[in-house]
Amino acid sequence: MDSIVNCAVYSDGCRIENIELEDISEALSKEDQFVWLGLREPDENLINIVKQEFNLHELAIEDAHRAHQRPKIESYDDTYFLVLHTIQMNEEEGVQEEKQFKIGETHFFLGQNFLISIRHGSSLAYTEVRSRCEKTPKLLRKGPGFVLYAVMDFIVDHYFPILDLLEEELDDLEDKIFNEKFKRETPAHIYRLKSKLNEIKRTVLPLIDICNQLMRFDSDLIHEDIRPYFRDIYDHAIHINEMVDNAKEQLTMALEANFSMTSIYQNEVSKKFAGWAAIIGVPTMLAGIYGMNFAYMPELQWRYGYPVILIIILGVSISLYWFFKRSGWF
């Protein structure tokens, strides 16, 4: 089946063989080995076969098949069911100014002698993780708990490059706010970036509780020597959560700065309008006075009246322009 990425049996830290689905029950019956099954968007028929072979709980299987689950961890008798969200850069949108990413899901079933990983949506393959685990037989000997840690660590490590790209986008946005004139697109860009950070926070925040529970569960599903490794993922989740909070706070300040810069820009425009209105008001006022056509206006009979009025208009206008220019209005 195309949905089966890999199905292998491990014993004493080494891969023994790849097996078919129908042979899983026999492999699980042996205490000194465990099965690592990787699936990619399985159909209902395949998921039911997996349910029967591993004796999984019906409610967990229903969640694993439907996908679109929030990050969580649930315990079903002697099995843990986990949901983690994966984040992957959208390469098709990577050339654009705004960075786009896609959210996927990976579901895990952890048992005494098996680990099942089920990928939904956008997600990198875990071939690299499998290869890395097989190169450390000392840790792989600890059982499927170490495999769960390795895959979770791989998922969390891919959060950091996404955050770095979003922080670069935020830095570019701040430069534009202070170096360019007001644009209507800037507040919308800020809100879109904030929405992306909220999406990452919804992905990362539950991971803190998941790691806490994995470290504290009183169960032998996870070897005692492996539990401290989940503290490393916990620390990463805390760090990422702090990065998101700091970026959101920086975005809030950027939005406030944008509003302030917009107000300053509008004030500058208003001052220019007011200055030009004052300059234009001088000839308008004088033209209005001498356009009233009174019968007795002695200066109208003066030979030099017209050039004097022109000189006054030019002189006052130039003086006003110089004054406003010196005051920074122009």
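Quick caveat: nothing in here was measured; it's all calculated off a predicted structure. Numbers given to residues run from 1 along each chain, matching the order in which its sequence is written. The predicted origin of the model limits local features to residues at a pLDDT of at least 70 and limits the giving and counting of side-chain atom pairs to 80 or more, whereas totals for whole chains, interfaces and linings rest on all residues. Excluded from the side-chain calculations are hydrogens and water; all other atoms, namely the structure's heavy atoms, are used.

Moving on to the pattern of salt bridges. Note on definitions: salt bridges are taken to be side-chain nitrogens of Lys or Arg within 4 Å of carboxyl oxygens of Asp or Glu. Applying the stated rule across the entire model yields 9 salt bridges. Between Lys-201 and Asp-245 there is a salt bridge, with the nearest N and O atoms lying 2.9 Å from each other. With Lys-201 in helix H8 (residues 185-216) and Asp-245 in helix H9 (residues 227-289), the pair connects residues that are 44 residues apart, well separated along the chain. For each residue, the accessible area found with a 1.4 Å probe, counting protein chains only, is set against the maximum for its type, and the residue is called buried under 20%, exposed over 50%, and partly exposed in between. A relative accessible area of 17% means that Lys-201 is categorised as buried. Arg-227 is the salt-bridge partner of Glu-224, the closest N and O atoms lying 3.7 Å from each other. A residue is classified by how much of its surface remains accessible, and Glu-224, at 54% relative accessible area, is exposed. Here Arg-227 falls in the buried class, since its relative accessible area comes to 12%. Counted as one network, the salt bridges with shared partners bring together Asp-63, Lys-72 and Glu-74. Going along the chain from the N terminus, every DSSP run of H or I of four or more residues is numbered as a helix, and every run of E of two or more is numbered as a strand.

Bringing the sheet that holds strand E6 (residues 101-111) into the picture now. Backbone-to-backbone hydrogen bonds join strands into a sheet, with any given pair of strands oriented parallel or antiparallel. Reading across the sheet, the 7 strands line up as E2-E1-E3-E7-E6-E5-E4 and stay open at both edges, with mixed pairing between neighbours. Looking at which strands have only one partner, the edges of the open sheet turn out to be strand E2 (14-18) and strand E4 (72-76). Strand-to-strand twist across the sheet, computed as the mean angle between neighbouring axes with direction ignored, equals 20°. Two strands form a pair only when DSSP identifies at least two bridges running between them. Taken together, the 8 bridges between E6 and strand E7 (residues 114-121) define a ladder with antiparallel strand orientation. Orientation is described by axes fitted as lines to C-alpha atoms, over the contacting stretch for helices, and by angles from 0 to 180 degrees between their N-to-C directions.

A few words now on the pairing of E4. As defined by bridge partners, E4 adjoins strand E5 (residues 79-89) across 5 bridges and the pair is classed as antiparallel. Bridge assignment links Ser-75 to a residue of E5, and that residue is Tyr-80.

Turning next to the packing of H9 against helix H10 (residues 305-326). Two elements in contact, H9 and H10, have axes separated by 9 Å at closest approach and are oriented at 170°. In terms of axis orientation, H9 runs roughly antiparallel to H10. In this structure, the crossing between H9 and H10 has a hand that is right-handed. Across the interface between the two elements, Gly-275, Trp-276, Ala-278, Ile-279, Val-282, Pro-283 and Leu-286 from H9 touch Ile-312, Ile-313, Val-316, Ser-317, Leu-320, Tyr-321 and Phe-324 from H10. Amino acids are sorted into nonpolar (Ala, Val, Leu, Ile, Met, Phe, Trp, Tyr, Cys and Pro), charged (Asp, Glu, Lys and Arg) and polar (every other residue, Gly among them). Grouping the amino acids of the contact of H9 with H10 by side-chain chemistry returns 12 nonpolar, 2 polar and no charged. Under this scheme an angle from 65 to 115 degrees is roughly perpendicular, one under 35 degrees roughly parallel, and one over 145 degrees roughly antiparallel; angles in between are oblique. Put simply, a crossing is left-handed when the front helix is turned counterclockwise from the back one by less than a right angle, and right-handed when it is turned clockwise. By the convention used here, residues are in contact when the closest approach between their heavy atoms is within 4.5 Å.

As a further point, take the side chain of Ser-317. Mapped onto the fold, Ser-317 is located in helix H10. Think of a polar contact as two N or O atoms within 3.5 Å of one another; within protein, one of them needs to be a possible hydrogen donor and the other a possible acceptor, and neighboring residues in sequence only count if both atoms come from side chains. Looking at Ser-317, its side chain comes within polar contact range of the main-chain oxygen of Ile-313, at 2.8 Å. Once residues within four sequence positions are removed from consideration, Ser-317 is found in contact with Ile-279, Val-282 and Pro-283.

The length a helix should cover is 1.5 Å for every residue beyond the first. The end-to-end C-alpha distance of helix H6 (residues 144-157), which contains 14 residues, comes to 20 Å, matching closely the 20 Å that a straight helix rising 1.5 Å per residue would cover. A large share of H6 lies buried, amounting to 13 of its 14 residues.

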